[in-house]
Structures are given as C-alpha cells and as structure tokens.
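This is what each chain is made of:
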Amino acid sequence: MPSTDRFEAFLLSMHPWRRQPEDALQAMAETLKLPSGQVMKAKPKEGLWKEVDEKLTKESPEAALALAEEELAKAKQAGNKKAQALAMYLAIHVKVYQEDRTAIEKLPTSLKEVSTLYKEAGDVMEEEDVMKDILEFHLANSQRDGAAKTEQEIRDRVRSSKKEEAPCLLRVAAVFYSMGAMEGARTLVEEAVAGFSSLGDQAGQVKSLRSLAVLYLSQQKFNDALTALEKALIGTAVEKANICYAQSQIYAAMGGSKGVSSAIESMQKARSFMQEGKNQDGELECLQIISELQLSSQKGDSALATGQEALAVTQASGNKSKEATALLRLVSACLSSQNEAEALKYAEMAEMKAKEADDIEKEAQATSNVAEILLRRGDKVGAIKRSKEQLARCVERKHSAGQASAMVVLGQALLAENQASAEGMRYLQAALGIYKESDDFVGLYSAHFALANGYFTRGDLEDGLCHAREVLSCCRRSGDKVNEELVKANIERARQMTAQLRMTTPKRPSIENSGILLSPAGPQACHLRHSRVPGSLLDIVASGRNYWGTPRTVVDAASEADERPPSQCVIFGAAMSENCTTQMCLELMDLIGAMAKGDIPKVPVIVQTRGVYGRLCGDMTYGSMTSVAAVTLWGLIRTARLEMPKVPILTLDFQPTMTVAQIGRQLKPATGVAETAYYNKSRWEPQLAAVPSLLRRDLKKDTLSVGGAIPPGDERKAKAEAATKFARKAFTWTGPTSKMDYCWYRQEWRNVGPAEGEIIARDPLIPVRSLRQY
C-alpha cells in the first residue's frame, strides 16, 4: 500500500465513531461464515461523539472544535479523567480534519496524553484503542522504530495475562492489516493461534485461523488459506459447516470447472455437518447455496434435484415463507433446463405459499416470474394482466422493489405487443428510477437491458446505446462474460438494422431528451466539498515541483528557431453535451479574445463537436438538434482564424454514437490540419473541389445552332425556325473558354485514412531538467 493511501486510511480511522481496527480484519473474517451466522458489530453513536459528528457532517468544523474544547474545559474543572480524555481526543480529531499541520506533527504526543488519561481513569480498552491509533500513525508514515516501540508497549500491558495476550495480538494484527502491512499482521496472527492453542480455547483458535485465511487471501495465496481453514475444522457441527462454507468460497474464487466442483463438494460436507447437528435451517441454507453453484456452472438438472431436496426439508418444517423460497429456486432451475411448463407450475405454487405466509417480497418475486414465463411463451395478454395485478398490490403494500420488477415485465410485455408503445417505455423508465433510488445492482441491469432492447427495436440507436453501455458496465463489474458478448452482438445487430431503417424512415427526436428520463440531465453535483488530501502532502508535492524551477511556457521564436510543440492545450467541449448555442459562441469568443492578448501564451484551443458534418462524411444517422447547431461554432472559428491568426484553433467533429472512451482513441490529425472529422472508423478532412460553372447552369441550349438538340431534317426544327423572330448572339463572357467557368469550388469531406490505430506503449520520460525547460 503506498504511503499516501496508508495516511488516508489513518485519517479515516481517526473518525469519532471509528470502528475499532480489529473490525477491519474481523469484518472480513465474518464473511467466511454462512450468511446466517455472520455477526457485524457496530459501535453505538451517543453523547459527545454524536454531537461532534453532526457538526462535522454539516461542514462546521469550527463549531465542532469549539464544542470539544468547551467540554474539555468542563471535564478538567470537574476532574473527570474519562470525559477529559474523550473531549481531548475529539478536539485532536477535528484539528486533523481541518488539516492543521501542527496538530498532525504533534499527533503521537497528543494521543499519548489521551491514553494516559484513560489509564488514570481505569478504562483499559479505550487506552488500547488510542495506542493503536498511535501505531497506525507510525505505520502510515513508515516510521518503523516508532511502530515497533508502540507495539511493544501494547504487548507489555497484557504480557502478565496469557488469557488476554492472544486476543490483544489479534487486535494489533488488525492494525497492521488495515495499514497494508500484511507480513507483520500474519506474524501476529500466527502468534495468536499458538496462544489460543496453548490455552485450549477452540473458539479463539478458529477465529484466529479464519483471520489468517483472510490474510492469505489478500495476498492471493489460495492454497495456504485452504490449509489454514483445514486446521480450523474443530468445534461444533455449525462451526465446522461455517469452515466448509469458507472453503467453498475460496474454491469458487479460484474459478474453473474444478473450482466449482470442489466448492459444491465443500458445501455438501457443510450440509452433512448441519444434518449431524440437527440444524434444519442450516441444512436448508446449504442446499440453497449448492443450488446456486450448480446453476452458475450450467448444471440445471443437478440444481433441480437439489431444489427438490430443499423443498422437502421446508415442507417438513411447515414454514410457508421458506417453502416459497425453495419453490422460487426450483423455478430458476427449471428455466435453466428450458422447462417452462414446470417453471410456471412452481412459480404459481410459490405465489400461493407466499400469499398464505403474507410475504409480499416473495409474492412479488413469484408473480414476476409467472409474468415473465407467460411472456416467454407468447402470452402477452396474460403477462400484462399479471404484471398489472402485481403492480397494484405492491403499490398498496408500498413495496418499491416489487413495483419496479412489475414495471419492467409490464413494459417488456407492452413493447412485445406494440414495438412503438410509449407506455411501455414509460414503465421501464419509471422502474429504472426506482432502482436508482434503491441502488439495486441487479435491478439496474435488468431495467437498462430492457430499455436498450426497446430502443433498438424502435430504431432509436443513440438512446439504446446509452443504456447498452450501462449494461456492459454492469456485466464487467459482475464478471459476466457471456451476457457481455451477447450485448455486444445486439449492439452490432442494432447498428445494421438502424442503417437499413434510415434509408426509408427519418430519424425521430430523442426520447431520452424529451423529458421521459426521471434523472436530471447534465453533470451531477459532486458530494465531496473539501479535498481529503492532507495539506502536508500537497506541500511536499509543491516543493518537489519547484525543484525544477519555474517552467517557461512562452517561447521567443527569435531565440529558438525550431518549432517545438506546445506542452499544454485548452479543450473546449461545451458542444459535446446539452448547451445553448448563443451562450456557447459567446463563451468561445471570450476565450479566443483572452488568448489573443499579448501577455497570454499562445496555447492551442481544441474545439470538439459531434454530428455536425455527419451527412457529408457518409453517416446515415445524424445528431440531435443541439449537436448539429454547433455548426455555428465552425463558422465563428473560421472567422476567428482570419482575424486572430496567432491563436491556434483546432476543430474536431466526432460521430454522435461515439463513447467517451472511443473519442480518446482517435488518431490526432497531421500537423497543419486545422479541421478534422471522425466518422465510420475513418478520419475525414475538408478539401476544395471544382464544380461545374454556376453561370451556365441556368442557360438553355441554343436549339437553332448547328449540332443543336434537334437534328437536321427533323420536323420540329422547321417549326422552330419558323417561330424564331430574332437571332441569338453568344456573348464573350459566356463563351466556352471564359475564365468565369473555372472559378467555382465547394468544400468536400474526403476520407484520408483510418480513425484509430495501434497505441505504442512506451515508458514515460524521466523529467530531467533539460526536458522541462520549455
């Protein structure tokens, strides 16, 4: 872990409600238990800690410091050592929060005074907590001597008691773990294992071995972690089952068919331990996890058999809610085996059991499964009816997750019935809004996927791509490679379909920009108001930068004849998002006018637009009206180049469907090219092309001249000569050799090469003084 990250972790641990450093390691160790057996401890928020934290939350550190100092004065006057220590600790914390360099430098001394006060008050645990804060400070600043001294002081406090020494070692190891010192943490945990073993404390031994496994996992040492867990297979049947569950997690993390098979075997051992301990709930939990593992490895038949065993266990217990859960897992297993009839039967049974148990969550899930299966079987009317019933019931019971799932299925059913259904799109958008509020990852995936397919089917490529990118992001976060490739294939198919559709049907206005979206458009406000980087680190960076001297950005052309490229540029990207055309042009004029002043270095200005010259570059689709309106910027820039030639301005036009990542991969234009467009994976440049004379375009051919349009001897020629009452005379300026015929040109965009190329990977240059002078 870099030193800056360690110091940031230390600052977070100085929170007035800091979790004790022990929790950083034990919280990870708790995840190696069955979900039902995990216990997370949280320190209660009360008293002065709560008041100080509320003021810090409201961005009032001055008020928080005044409150802590006021309580400190009261505690000193009353002679209350414990209250005095707490108030002093909170005052130190607020000063560190304000990045007071003096307070940070004197932090070990100040915390030592706090620990002395707790010692005098007889609060041993708080004294240890503060000493662990001092240890964290030394580790964060790579002060090995100070860290070793503080560690020894903590050990000396409990050396006389063998019963307290092993738990203390485990807590100190957690400090090393939170600061990224894995080797030191492992040494302490191994000592704790030996201590618990000598005391015959099986619970402590299992706890420390589980912590040791976490340390091995953090270093990707899977085999060592499995060995540590194998030693922890002691104690009661439930404890052994928890260890087997931890082993299955590690096997699953190792991946591959062998890893999943080993994970299933470990869970089957866990089930046997639960049966041995006659723990019916634990056995059911193990069966559910086995079913999930089998489904993830595409073993639908095995998952179905496991689900039926779980159903038999729940039926014996008589718990309707658990029986509904088992039935829902059978639905997933049947769908994995492509058995829709059995899946529908189990889903309806699960819906009935959930209603009997009055479990709205299970009922909503079961009803949603029924509607989805009906939609897959082509019963659109039945799916719409079921979804509306579920939506009404969830609204009545105020169950937001059920409402969102009902809206997703209802929207899909309406779009299956009518591809242009605006009502279906509104239901999907409403579901997306609910999932965003609840931060439901799976729900966001399903809503974005449904919206992307809906827009693609309607021919709205750009709107569909927005949601398809979100789906790809979800797939990458979850590691779902199968669906990721499926979405990519859908995107390519949608591009081809849209290209064919644009030949006959014009593009419709964007639905996303017409007000259907529930979330606000444009950049979102950042929740961070103050920098969390300590001021001391910024001073170090500034001093390192000043070591090279003041860089010269204005280069005198007379002193340096070679034209060196500028090291900075200004990116003007207002046209890449929603904007006002007039305001955008005014802002660009202000920028160019400021850059044209004599005391300002001539830094290039790069103006980015999208969709302006799409039609001229062979793109069948075109951008929104706001994007196309950026053509005014191009006219303004061409005028500015004539009036202020000293300001270099480069204009780049991108295809509207390009993502931010794709824009960064486009090849830069050649030197001297001021205007470039990127469309259809090609780079385009404007060029002048000659066109036929516009003077002759409207002139009619002389039908009476020799070799005219009417051949000799034609009856129409005689009638034309009889009707002619004047003689035509060709003027010189319209003659075949007039120079006015060859002065007509127009701008054309021509393909000059590929838009993307291979990125050459090379190490960055060392910033030596000779390279930093210009």
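This text gives an overview of the structure that appears in the document. Along each chain, residue indices are assigned from 1 in the same order as the chain's sequence is written. Reporting of local features is limited, given that this is a predicted model, to residues whose pLDDT is at least 70; pairs of side-chain atoms are given and counted only at 80 or more, and all residues count toward the totals for whole chains, interfaces and linings. Side-chain numbers here rest on the full set of heavy atoms in the structure, without hydrogens or water.

As a further point, take the overall build of the protein chain. Put simply, DSSP marks the helices as runs of H or I at least four residues long and the strands as runs of E at least two long, and each gets a number from the N terminus on. Of the regular secondary structure elements, the protein chain holds 32 helices and 6 strands. Working definition: with a 1.4 Å probe on protein chains only, accessible area under 20% of the residue-type maximum means buried, over 50% means exposed, and in between means partly exposed. Looking at the protein chain residue by residue over its 774 residues, the buried ones come to 42%. By the convention used here, residues are in contact when the closest approach between their heavy atoms is within 4.5 Å. Intrachain contacts of the protein chain at a sequence separation of at least 6 include 64% that bridge at least 24 residues. In the form shown here, the protein chain has an accessible surface area of approximately 42,800 Å², with 54% of it arising from carbon and sulfur atoms. Using the Shrake-Rupley algorithm and a 1.4 Å probe, accessible areas are obtained, with residue cover drawn only from the displayed protein chains.

This paragraph deals with unusual backbone geometry. Positive phi, normally seen in glycine, also occurs at Q220, with a value near 60 degrees. Summarising the element assignment, Q220 is placed in the loop between α12 (202–218) and α13 (222–231). Even without a glycine there, the phi angle at N680 is positive, about 50 degrees. Its location among the elements puts N680 in the loop between β4 (675–679) and β5 (682–690). Relative accessible area serves as the criterion here: at 35%, N680 is assigned to the partly exposed category.

The next subject is helix α16 (residues 280–296). An expected span of 1.5 Å times one less than the residue number is assigned to each helix. Helix length check: α16 (17 residues) gives 25 Å between terminal C-alpha atoms against 24 Å at 1.5 Å per residue, within 8%. Across the 17 residues of α16, 12 count as buried, placing the element largely inside the fold. Between N or O atoms, a polar contact is any pair within 3.5 Å; within protein, one atom must be a potential hydrogen donor and the other a potential acceptor, and residues adjacent in sequence are included only when both atoms are from side chains. The N-terminus of α16 is capped by N279, whose side-chain oxygen sits 3.4 Å from the backbone nitrogen of D281. Q298 occupies a position one or two residues after α16 and carries a positive phi of about 60 degrees.

Right, let's get into the sheet that holds strand β2 (residues 605–610). Two strands qualify as a pair provided that DSSP identifies no fewer than 2 bridges between them. Taken together, the 6 strands give an open sheet; going across it, the order is β1-β2-β3-β4-β5-β6, and neighbouring strands pair in mixed fashion. The sheet is open, and its two borders are formed by β1 (570–572) and β6 (745–754), each paired with just one other strand. Here the average twist between neighbouring strands, direction ignored, is 30 degrees. Inspection of the sheet shows β1 paired to β2 by 3 bridges, in the parallel sense. Residue V570 lies in a different strand from β2, and its bridge partner there is V605. Across the sheet, helix α28 (residues 581–595) is in contact with β1, β2 and β3 (649–654); its angle to β1 comes to roughly 165 degrees. Lines fitted to C-alpha atoms define the axes here, with helix axes fitted over just the stretch in contact, and angles between the N-to-C directions of these axes take values from 0 to 180 degrees. Of the strands in this sheet, β1, β2, β3, β4 and β6 are in contact with helix α30 (residues 631–643), which crosses β3 at around 160 degrees.

Now for the packing of helix α22 (residues 400–417) against helix α23 (residues 422–438). The N-to-C vectors of α22 and α23 enclose an angle of 155 degrees; their axes lie 8 Å apart at closest approach. As judged from the angle between their axes, α22 and α23 are roughly antiparallel. When you trace α22 past α23, the crossing you get is left-handed. Within the contact between the two elements, α22 uses S400, A401, Q403, A404, S405, M407, V408, L410, G411, Q412, L414 and L415 and α23 uses E423, G424, M425, Y427, L428, A430, A431, I434 and Y435. Each residue is assigned to one of three groups, with Ala, Val, Leu, Ile, Met, Phe, Trp, Tyr, Cys and Pro labelled nonpolar, Asp, Glu, Lys and Arg labelled charged, and all others, Gly among them, labelled polar. In terms of residue class, the contact of α22 with α23 is built from 14 nonpolar, 6 polar and 1 charged. Working rule for angles: under 35 degrees goes down as roughly parallel, over 145 as roughly antiparallel, 65 to 115 as roughly perpendicular, anything else as oblique. Crossing handedness: left-handed means the near helix sits turned counterclockwise from the far one by under a right angle, and right-handed means the same turn made clockwise.

Moving on, we come to the packing of aromatic side chains. Each Phe, Tyr or Trp ring (for Trp, its six-membered ring) is paired with any other whose centre lies within 6.5 Å, and the angle between the two planes then decides the class: stacked below 30 degrees, edge-to-face above 60, tilted in between. By the definition in use, this model includes 5 aromatic pairs. Ring geometry for Y445 and F449: centres 6.2 Å apart, planes at 20 degrees, overall stacked. Pair noted here: Y445 and F449 are both in helix α24 (residues 441–458), with a separation of 4 residues, about one helical turn. Geometrically, the ring pair formed by W634 and W749 is edge-to-face, given 6.0 Å between the ring centres and 75 degrees between the ring planes. With a gap of 115 residues between them, W634 in helix α30 and W749 in strand β6 connect regions that are remote in the sequence. For the residue pair W634 and W749, the accessibility class agrees, reading buried in each case. When the NZ atom of lysine or the CZ atom of arginine is within 6 Å of a ring's centre and also within 35 degrees of its normal, the charge is said to sit over that ring. Taking NZ or CZ as reference, K345 lies 5.1 Å from the ring centre of Y346, over its face.

Remark: nonpolar core denotes a set of buried residues (Ala, Val, Leu, Ile, Met, Phe, Trp, Tyr, Cys) joined through side-chain atoms within 4.5 Å. Residues V408, L428 and Y435 are the most contacted members of the largest nonpolar core, which totals 42 residues. In terms of residues, this core owes the most to one element, α22, which gives 8 residues. In this structure L428 touches M407, V408, G411, Q412, L415, A450 and L451, once residues within four positions along its chain are discounted. A147, Y177, A185 and L188 belong to the second largest nonpolar core, which has 38 residues in total.

For side chains bearing opposite charge, pairing can occur when the charged atoms are close. Within this document, salt bridges are pairs made up of a side-chain nitrogen of Lys or Arg and a carboxyl oxygen of Asp or Glu, the two lying within 4 Å of each other. For the structure shown, the criterion picks out 34 salt bridges. A salt bridge links E748 to R746; the shortest N-O distance between them is 3.2 Å. The exposure class of E748 is partly exposed, given its relative accessible area of 24%.

Looking now at helix α9 (residues 144–158). Its 15 residues give α9 an end-to-end C-alpha distance of 22 Å, which sits within 8% of 21 Å, the value for a rise of 1.5 Å per residue. Where α9 is buried, its residues meet α8 (124–140), α10 (162–178) and α11 (182–199).

Between helix α21 (residues 380–397) and α22, the least distance of the axes is 8 Å, while the angle of their chain directions is 155 degrees. In terms of their interaxial angle, α21 and α22 are classed as roughly antiparallel. For the element pair α21 and α22, the recorded crossing hand is left-handed. Listed contacts from α22 to K380, A383, I384, S387, K388, Q390, L391, C394 and V395 of α21 are G402, Q403, S405, A406, M407, V409, L410, A413, L414, A416 and E417. Of the residues contributing to the contact of α21 with α22, the split by class is 12 nonpolar, 5 polar and 3 charged.

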